[in-house]
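# A structural walkthrough
Listed below are the residues making up each chain.
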Amino acid sequence: MPKTAIVTGASGGIGREIAVKLGCEGYSVAVLYGKSEDKAQKTVELLEKSGAKARAYACDVRKSEQVKNTVAAVIADFGTPYLLVNNAGISEQKLFTDITDEDWNNMLAVHLSGAFYMTRAVLPWMLHEKNGRIINIASMWGETGGSCEVHYSAAKAGLIGMTRALAKELAPSGITVNAVSPGAIATDMMRALGEETCRLVEEEIPVGRLGTPADVANAVAFLAKDESAYITGQVLSVNGGMVI
Ligand code: NAP
């Protein structure tokens, strides 16, 4: 029986690559998306092509009730999830003084409340199995702080705090909780900054290139392995040496 993975934000760059990688590793994958149904279906197609079972579910992670219902639907379709990847995210560049209440609340809702709602919905099932993996996609800005991205940095730092605290709480129950913290990864989110900014960022990366979604997906797959059972509460940075 294949293990079940739930990946949020799996219609997008990093989330899609994580989903596809997990499919190749033998998982059945619940492909969660916010608005982009077509892109989520494309992820499902890629998974099915590789022989994995997959299905797309619309789920705005900011909505507690929607999250609860989606997780119930996934469990009805695929059984108890072994792996949850909290990947859904948004970015926004603004001066701190320009951040509105709405910007602030939305940023925290997607990254922090989203991971909280998803994890809370999945956890009773993992606890019942006394087995499971939770992997949160953080960011180097959550580790170091990014200028003009204070709300994003705060949300990702919060996610790292949640990862560490929950890891301690769940370790006795056989569930690991880790974060993967990407640097600058070539996705729509990064490209939205413009070609010139991407080039300048690239120049600052010791490895000499932007990261790829596959670089992040490989780290997720590593933490999901049985052999990684002794790794918990950690932040695995995937940033080409940009932050050491
Ligand atoms: P992306 O291509 O913009 O994809 C973002 C994904 O999140 C999409 O699938 C989107 O789904 C989903 N999403 C956004 N709001 C949502 C909501 N309210 N409910 C459910 N899903 C929602 O971004 P990416 O670069 O792949 O980023 C993925 C993760 O990596 C994010 O958490 C991001 O913060 C983190 N990260 C990225 C970078 C980078 O350089 N790219 C660096 C560090 C960390 P829909 O389109 O279907 O709405």
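Here, every reference points to the structure presented above.
The text that follows walks through the structure, step by step, so that each part is easy to find. (Residues numbered from 1 in each chain as written. Predicted model: local features only at pLDDT ≥ 70, side-chain atom pairs only at ≥ 80, totals over all residues. Heavy atoms only, no water.)

The final tally for this structure, using the stated rule, is 13 salt bridges. Across the pair Glu25 and Lys225 runs a salt bridge whose closest N-O atoms are separated by 3.3 Å. A residue pair is termed long-range when its members are at least 10 positions apart, and Glu25 in the loop between helix H1 (13–24) and strand E2 (28–33) and Lys225 in the loop between helix H9 (213–224) and strand E7 (235–238) qualify at 200 residues. Residues joined in a network through salt bridges with shared partners are Lys21, Glu25 and Lys225. (Salt bridge = Lys/Arg side-chain N within 4 Å of Asp/Glu carboxyl O. Helix = DSSP H or I, 4+ residues; strand = E, 2+ residues; numbered from the N terminus.)

A separate point is the packing of helix H3 (residues 64–78) against helix H4 (residues 101–129). Pairs of packed helices are described in terms of their axes, by the angle between the two and the distance that separates them. Across the interface, H3 lies against H4 with an axial gap of 9 Å and an inter-helix angle of 35°. Helix-helix and strand crossings are classified by hand; for H3 and H4 the assignment is right-handed. Where H3 abuts H4, its residues Ser64, Val67, Lys68, Val71 and Ile75 lie against Tyr117, Met118, Arg120, Ala121, Val122 and Trp125. Taken together, the residues of the contact of H3 with H4 sort by class into 8 nonpolar, 1 polar and 2 charged. (Axes fitted to C-alpha atoms, helices over the stretch in contact; angles between N-to-C directions. Left-handed = near helix turned anticlockwise from the far one by under 90°. Contact = heavy atoms within 4.5 Å. Nonpolar A, V, L, I, M, F, W, Y, C, P; charged D, E, K, R; others polar.)

The next point concerns the packing of aromatic side chains. According to the stated counting rule, one finds 2 aromatic pairs in the structure shown. A centroid spacing of 5.7 Å and a plane angle of 45° characterise the contact between Phe116 and Tyr117, whose relative ring orientation is tilted. Take Phe116: its relative accessible area is 41%, and that puts it in the partly exposed class. A cation over an aromatic ring shows up here: Lys3 above the ring of Tyr82, its NZ or CZ 4.0 Å from the ring centre. (Phe/Tyr/Trp six-rings, centres within 6.5 Å; stacked < 30°, edge-to-face > 60°. Buried < 20%, exposed > 50% of the residue type's maximum accessible area, 1.4 Å probe, protein only. Lys NZ or Arg CZ within 6 Å of the ring centre and 35° of its normal.)

Below, the discussion takes up unusual backbone geometry. Unusually for a residue other than glycine, Lys130 sits at a positive phi of about 50°. Here Lys130 lies in the loop between H4 and strand E5 (132–137). The exposed category is assigned to Lys130, whose relative accessible area is 53%. At Cys148, a residue that is not glycine, the phi angle is positive and equals roughly 65°. Among the secondary structure elements, Cys148 is positioned in the loop between helix H5 (140–144) and helix H6 (150–170).

Take the site of the ligand next. Neighbouring the ligand are 31 residues; Ser11, Ser36, Asn87, Tyr152 and Thr187 lie closest to it. At 3.5 Å from an oxygen atom of the ligand is found a main-chain nitrogen or oxygen belonging to Gly183. Expressed as a share of its isolated accessible area of 900 Å², the protein-covered part of the ligand is 89%. When residues of the shell around the ligand are traced back to their parent elements, those giving at least two are H1, H4 and H6. (Near = heavy atom within 4 Å. Polar contact = N/O pair within 3.5 Å; in protein donor to acceptor, adjacent residues only side chain to side chain. Areas by Shrake-Rupley, 256 points an atom, 1.4 Å probe, with all protein chains shown as cover.)

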